[in-house]
Amino acid sequence: MIKSQNNTAKRHKLTTRLWHWVNALCLLVLVMSGLTIFNAHPRLYWGEYGASDDYAWAAVGSSQTLGYVRLGEIKIETTGFIGNWRDSNGQIQTWAFPGWATIPSYYSLAEGRRWHFFFAWIFSVGLAFFMIRSMFNRHVQKDLHISRVEWRPSNILRDVKNHLRLRFHDSGGVNIYNILQKFSYIGVIFILLPLMIFTGLAMSPAMDANWPWLTDIFGGRQSARSIHFIGMSLLVLFFIVHMITLLLVGPFKQTWAMITGGKREDSDHA
Amino acid sequence: MRKILTRRTLITTGALGAGSLLSGCDALSRNQTFQNILGSAEDANFLVQRALGDRMELASEYSIKDLSPKFRANGTRDPGTPDYAASAAQGFADWQLRLTGLFKRPQNFSLAALLSMPQRTQITRHDCVEGWSAIGQWTGVPLKLLLDLAQLQDSAKFLVFHCADRLGGRPYYESIDLLDAFHPQTIMAHRLNGESVPIENGAPLRLRVERQLGYKHAKYVTGIEAVATLDNIGEGKGGYWEDVGNYEWYAGI
């Protein structure tokens, strides 16, 4: 159902494919090294300050016998997974996130930070490049603009129903992307990913001197840290949904298309 | 049955793949060359953060109502040496801050001499590398005033802060460059929240270098050494945590 608006036979342009995989690697490393950094102080606060004696809205509790996550006043036991888990040698560890979810798999805040900042640079430059490019080649205006018709609740509802019936590739005949795809595309690339960069920068004491308004926008350094963590959780959620749709639509064909470019007439998207 | 086996194979393969990816990351993480490549981000952070703003931009300052109820202490809580204990017992009346190295006029300052100099009071946010923050009110002598008296030689490029505490048998130290040294908020603090700095927070003298993370804020400072290079101090990386734990020398992020 795609009305192709350019002459290339490929479904995904080379730059899109390159960016997709560089981004995938960056996000994987950023999430996992970010969890290492989180393990140094597994508590989240609202406001400008927050340390061990202050109230944390979210915290990981750990001991030799018990691991739990506390959200507000709700405690969820996570023994074996978060706060209390066994490493590859069978030893009980009481760091918040387990070794299989962190880079490096052992606890090293300094090494986690190095991985994080190195890949944060690649990720940020790539994202900036992609955003500028998609403005200039009118990818945004052409493919992502949401028309008044598309905003109609009836259209959104129709698309939700289609998705529930596992029909993912009905864009209503006009667009490359259907409305839910547009929402998630815009939400992730133009809101969530930049938000991760800016909340990350808002935690930097040097940036606080350079751009004090940045930390203020998020309501303080600890709020920025909390939003950074929530944003990461949403990205992981996006990744899971991305993988589920990929599996439903055809994992091999879709992945192959994202590597080689695929053919333009394949209209389904993951 | 066939399908289950296939799926199981798939999952096992996936788990093995993830496992080898992880151990691959660990191997890379322990590789010095790869560490250096990753560490190049530090240079980028340093250059970009120094290029933004006018280089003497102040860190945010807050009001009394913003203070943390308790200012968390980290690292050494008490140097614990007989000398330190003896000095603490007499309110650090004998404490000396020695300015050595590449100064035209190396000299010592007693705590009383420092207290008689012009002071700066600032309420700032202390950001620990671990992720937590505490807001405290610090009072101290601007480092610039001490540097004006002792007069740096032209070859001096860094200031090294020697401390009374030891961690894991090594003396704690830290270093900053001259841009941070002359920054208006860089002070030798002796008061926290209107009281003498508590022992756990670095009594009697603690460096405040507000645009960097907490581990740069050396506690229990006994000496400031002006040097041309950091190579000959400790293991040459510019600080205790830099030497011991691969932490970045530039801690602006």
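Please read all numbers here as calculations on a predicted model, not as lab measurements.

**Concerning the nonpolar core**
Argument step 1. Residues Leu97, Leu114, Leu143, Leu146, Leu159, Phe161 and Met188 of chain B are the most contacted members of the largest nonpolar core, which totals 54 residues.
Argument step 2. Every residue in contact with leucine 114 of chain B, bar those within four places of it in the chain, is listed here: Leu97, Phe109, Gln119, Val141, Leu146 and Leu205 of chain B.

**Here's the deal with the packing of helix α1 (residues 14-39) of chain A against helix α2 (residues 109-136) of chain A**
Residue and element names in this part refer to chain A.
Argument step 1. Between α1 and α2, whose axes approach to 8 Å, the crossing angle comes to 150°. It follows from the interaxial angle that α1 and α2 lie roughly antiparallel. The way α1 lies across α2 gives a crossing that is left-handed.
Argument step 2. Taken together, the residues of the contact of α1 with α2 break down into 16 nonpolar, nine polar and two charged.

**Looking at the pairing of strand β5 (residues 158-167) of chain B**
Residues and elements named next belong to chain B.
Argument step 1. Along β5, seven of the 10 residues are buried, which leaves the element largely enclosed by surrounding structure.
Argument step 2. Judged from the seven bridges that link them, β5 and strand β6 (residues 170-177) form a sheet pairing that is antiparallel. The partner of leucine 159 across the bridge, within β6, is isoleucine 176.

**Considering the sheet that holds strand β3 (residues 67-71) of chain A**
Residue and element names in this part refer to chain A.
Argument step 1. With antiparallel pairing, four strands are arranged side by side in an open sheet as β1-β2-β3-β4. Edge positions in the open sheet fall to β1 (43-44) and β4 (74-77), since each of these has one partner strand only.
Argument step 2. Bridge count for β3 against β4 is four bridges, and the pairing is antiparallel. Residue pairing for β4: leucine 71 is matched across the bridge by isoleucine 74.

**Examining α2 of chain A**
Argument step 1. Between its first and last C-alpha, α2 of chain A extends 40 Å over 28 residues, near the 40 Å set by a 1.5 Å rise per residue.
Argument step 2. Of the residues one or two after α2 of chain A, arginine 138 of chain A is the one with positive phi, at around 65°.

**Quick word on the sheet that holds β6 of chain B**
Residues and elements named next belong to chain B.
Argument step 1. Read across the sheet, five strands follow the order β2-β1-β10-β5-β6 without closing on themselves; strand pairing throughout is mixed. Either end of the sheet is taken by a strand with one partner, and the two such strands are β2 (107-110) and β6. Averaged over all pairs of adjacent strands, the angle between their axes in this sheet comes to 20°, without regard to strand direction.
Argument step 2. Pairing of strand β1 (residues 96-101) with strand β10 (residues 221-227), which is carried by four bridges, proceeds in the parallel orientation. Each residue of the ladder has a partner; that of leucine 99, found in β10, is isoleucine 224.

**Considering the confidence of the model for chain A**
Close inspection of predicted coordinates is inappropriate in any region flagged by low pLDDT.
Argument step 1. Residues at a pLDDT of 70 or more form 91% of chain A, whose mean pLDDT is 89.
Argument step 2. Here residues 1-8 of chain A is a poorly scored stretch, pLDDT under 50, and it has 16 contacts once near neighbours within four places are set aside; other chains count.

**With respect to the packing of aromatic side chains**
Argument step 1. Within this structure, the stated rule accounts for 25 aromatic pairs over all chains.
Argument step 2. Ring pairing ties together the aromatic residues Tyr172, Tyr215, Tyr240, Trp241 and Tyr247 of chain B, which thus form one cluster.
Argument step 3. It is lysine 75 of chain A that lies over the ring of tyrosine 68 of chain A; its NZ or CZ is 4.5 Å from the centre.

**Observations regarding the interface of chain A and chain B**
Interface size is commonly expressed as the accessible area that is lost once the parts come together.
Argument step 1. On the chain B side, the residues contacting the 44 residues of chain A number 53 residues.
Argument step 2. Around 4,000 Å² of area is buried between chain A and chain B when both sides are counted, 58% of it from carbon and sulfur atoms.
Argument step 3. Inspection of the region where chain A meets chain B yields three salt bridges.
Argument step 4. Here glutamate 248 of chain B makes a salt bridge to arginine 114 of chain A, at a shortest N to O gap of 3.0 Å.
Argument step 5. The tally of links between chain A and chain B comes to 23 residue pairs in polar contact (both at pLDDT 80 or more).
Argument step 6. For the side of chain A that touches chain B, the secondary-structure elements that each account for two or more residues are α1, α2, α7 (205-210), α8 (212-217) and α9 (221-249) of chain A.
Argument step 7. Top element by residues in the side of chain A that touches chain B is α2 of chain A. It accounts for 10 residues.
Argument step 8. Among the residues making up the side of chain A that touches chain B, the classes are represented as 25 nonpolar, 10 polar and nine charged.

The rules we used
Residues numbered from 1 in each chain as written. Chains lettered and ligands numbered in written order. Predicted model: local features only at pLDDT ≥ 70, side-chain atom pairs only at ≥ 80, totals over all residues. Heavy atoms only, no water. Core = buried A, V, L, I, M, F, W, Y, C linked by side-chain atoms within 4.5 Å. Buried < 20%, exposed > 50% of the residue type's maximum accessible area, 1.4 Å probe, protein only. Contact = heavy atoms within 4.5 Å. Axes fitted to C-alpha atoms, helices over the stretch in contact; angles between N-to-C directions. Helix = DSSP H or I, 4+ residues; strand = E, 2+ residues; numbered from the N terminus. Parallel < 35°, antiparallel > 145°, perpendicular 65-115°, else oblique. Left-handed = near helix turned anticlockwise from the far one by under 90°. Nonpolar A, V, L, I, M, F, W, Y, C, P; charged D, E, K, R; others polar. Pairing = 2+ DSSP bridges. Expected span 1.5 Å × (residues − 1). pLDDT = per-residue confidence, 0-100. Phe/Tyr/Trp six-rings, centres within 6.5 Å; stacked < 30°, edge-to-face > 60°. Lys NZ or Arg CZ within 6 Å of the ring centre and 35° of its normal. Buried area = accessible area lost by both parts, 1.4 Å probe. Salt bridge = Lys/Arg side-chain N within 4 Å of Asp/Glu carboxyl O. Polar contact = N/O pair within 3.5 Å; in protein donor to acceptor, adjacent residues only side chain to side chain.

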